[in-house]
Amino acid sequence: MSEPTITSAADAPSGNRYDRMEWAGAFGDLGTLIPFVAAYIGVLKMDPFGVLFAFGAAMLVSGLYYRTPFPVQPMKAIGAVAALQAVQTAIVTPAAVYSAALVTGIAWLFLGLTGLASRLAKMVPPAVVIGIVFGLGFGFMLQGIRMMQSDWLIAVIGGSGTLLLMGNRKIPAMFVLLAFGAAVGMVQNPALLDALAQTGIAFHTPTFALSELSWNQFFVGAVLLALPQLPLTLGNAVIAIKEENNRLFPQRCVSEGGVSISTGIMNLFSATVGGVPMCHGAGGMAGHIAFGARTGGSVVILGGVLLVLAFFFSDSVDLLFKLFPLAILGVILFLTGAQLALGSSTFPAERGARAVVLLTAALCMWNVGAGFVVGIVLHQLLQRGWLRL
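Definitions and cut-offs
Residues numbered from 1 in each chain as written. Predicted model: local features only at pLDDT ≥ 70, side-chain atom pairs only at ≥ 80, totals over all residues. Heavy atoms only, no water. Patch = residues over 30% accessible without salt bridge, like charges linked within 9 Å, V, L, I, M, F, W, Y side chains within 5 Å. Areas by Shrake-Rupley, 256 points an atom, 1.4 Å probe, with all protein chains shown as cover. Salt bridge = Lys/Arg side-chain N within 4 Å of Asp/Glu carboxyl O. Helix = DSSP H or I, 4+ residues; strand = E, 2+ residues; numbered from the N terminus. Phe/Tyr/Trp six-rings, centres within 6.5 Å; stacked < 30°, edge-to-face > 60°. Buried < 20%, exposed > 50% of the residue type's maximum accessible area, 1.4 Å probe, protein only. Lys NZ or Arg CZ within 6 Å of the ring centre and 35° of its normal. Axes fitted to C-alpha atoms, helices over the stretch in contact; angles between N-to-C directions. Parallel < 35°, antiparallel > 145°, perpendicular 65-115°, else oblique. Left-handed = near helix turned anticlockwise from the far one by under 90°. Contact = heavy atoms within 4.5 Å.

Before going further, it helps to spend a moment on a nonpolar patch on the surface. Judged by side-chain polarity, Tyr-18, Trp-23, Leu-64 and Phe-175 come together as a nonpolar surface patch covering roughly 390 Å² of accessible area. With respect to the element layout, Leu-64 can be found in helix α3 (residues 48–66).

As structure tokens, then:
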């Protein structure tokens, strides 16, 4: 899995590219995007147009502004809690998800504009940052393995072929993997093709999603969904993505405050058009890069594809996502995790710091927020001599 070898301003791409490798890299984040979007649409019965329109517009702006494979992803904790609660208690409605995006947007815009996001980030030791990125990588790999268990034969064939093509600039690995997955999906479930053929094309337009938001739905979205996500977002989608972007693209450095403001703006927009809470997750950048992306063109391409789906094919997007077997999405997620873990900074030499990295990473495989907090506590205990490892 090759990474950009950008060592000087002269080596950096002067702008976005839209070649076949950028097209291939554009779909490197489908392993997380499709399952969460499918859950929002299928379980919570959210309007597909609003979800896809918000993602597409945010990706388009992100790719054009940052000019690196700077991702836009669903907030995973919110997505998981929303889907689970919708099944178990039915108290989470689409309006509650809109309110979660609204509260998330206000919170991160405030943290970014006041400088608090940068101050909080500076309090996080390097060992904890390395642990977060390392743990996210392994967490993605484990989740990918779970998804591949749905059909090991398909996963092995798809994964082996993809590994052989990784880095091949003539035959992009992602195109081959997606074509293989679509072919398998059509063979395994031919009824999907008939259903897709019957849906047709219908033009959709945005609507204001907050007009019918009640105080009860606002409370559910804020307390149950948005607030528990904040530490996870700080660790993964502010600190980790800043470190990952600046390590790979030093000519296009970002700051924690800038990422926070970006997160706030896109979530406020998402709330108004019927979208879901979004972030700039570090795993998304790893996914884009693993399959060939080197500029923001990949994110612009994916955003454009989602906008086309939103405006013309919203009625059939759920069926379209089902065309790709879970095992193929697992392969994408596994390779994304491997790319992220391999890119982690060098382990510190000091034994105590290495312990912080490993313990933080282990917890981040379960919950990034918990790993983030425990890592900081362990670091402080070691610094004060209250703990010896």
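Having seen the structure, we can now continue with the description.
Along the polypeptide, Asp-151 turns up in the loop between α7 (126–148) and α8 (152–165). Once the C-alpha coordinates of Asp-151 and Ile-328 are considered, the two residues, 177 residues apart in sequence, prove to be 8.9 Å apart.

Scanning the entire structure with this criterion turns up five salt bridges. Arg-17 is the salt-bridge partner of Asp-19, the closest N and O atoms lying 3.5 Å from each other. Across the pair Arg-247 and Glu-244 runs a salt bridge whose closest N-O atoms are separated by 3.3 Å. Note that Arg-247 and Glu-244 are positioned in helix α11 (residues 215–248) at a spacing of three residues, about one turn of the helix.

Time to look at the packing of aromatic side chains. The final tally for this structure, using the stated rule, is 10 aromatic pairs. Geometrically, the ring pair formed by Phe-49 and Phe-53 is stacked, given 5.3 Å between the ring centres and 10 degrees between the ring planes. One end of the pair is Phe-49 and the other is Phe-53, both in helix α3 and four residues apart, which spans about a single turn. For the pair Phe-49 and Phe-53, one class covers both residues: buried. One aromatic cluster is present, formed by Phe-49, Phe-53, Phe-203, Phe-269, Phe-311 and Phe-312 through successive ring pairs. Over the face of the ring belonging to Trp-386 we find Arg-384, whose NZ or CZ atom lies 5.9 Å from the ring centre.

At their nearest, the axes of α8 and helix α16 (residues 326–342) sit 9 Å apart, and the two run at 40 degrees to each other. What the angle tells us is that α8 and α16 run oblique. Of the two elements, α8 crosses α16, and the hand of that crossing is right-handed. For the pair formed by α8 and α16, the contact residues are Ile-154, Ala-155, Gly-159, Thr-162 and Leu-163 on the first element and Ala-327, Ile-328, Val-331 and Leu-335 on the second.

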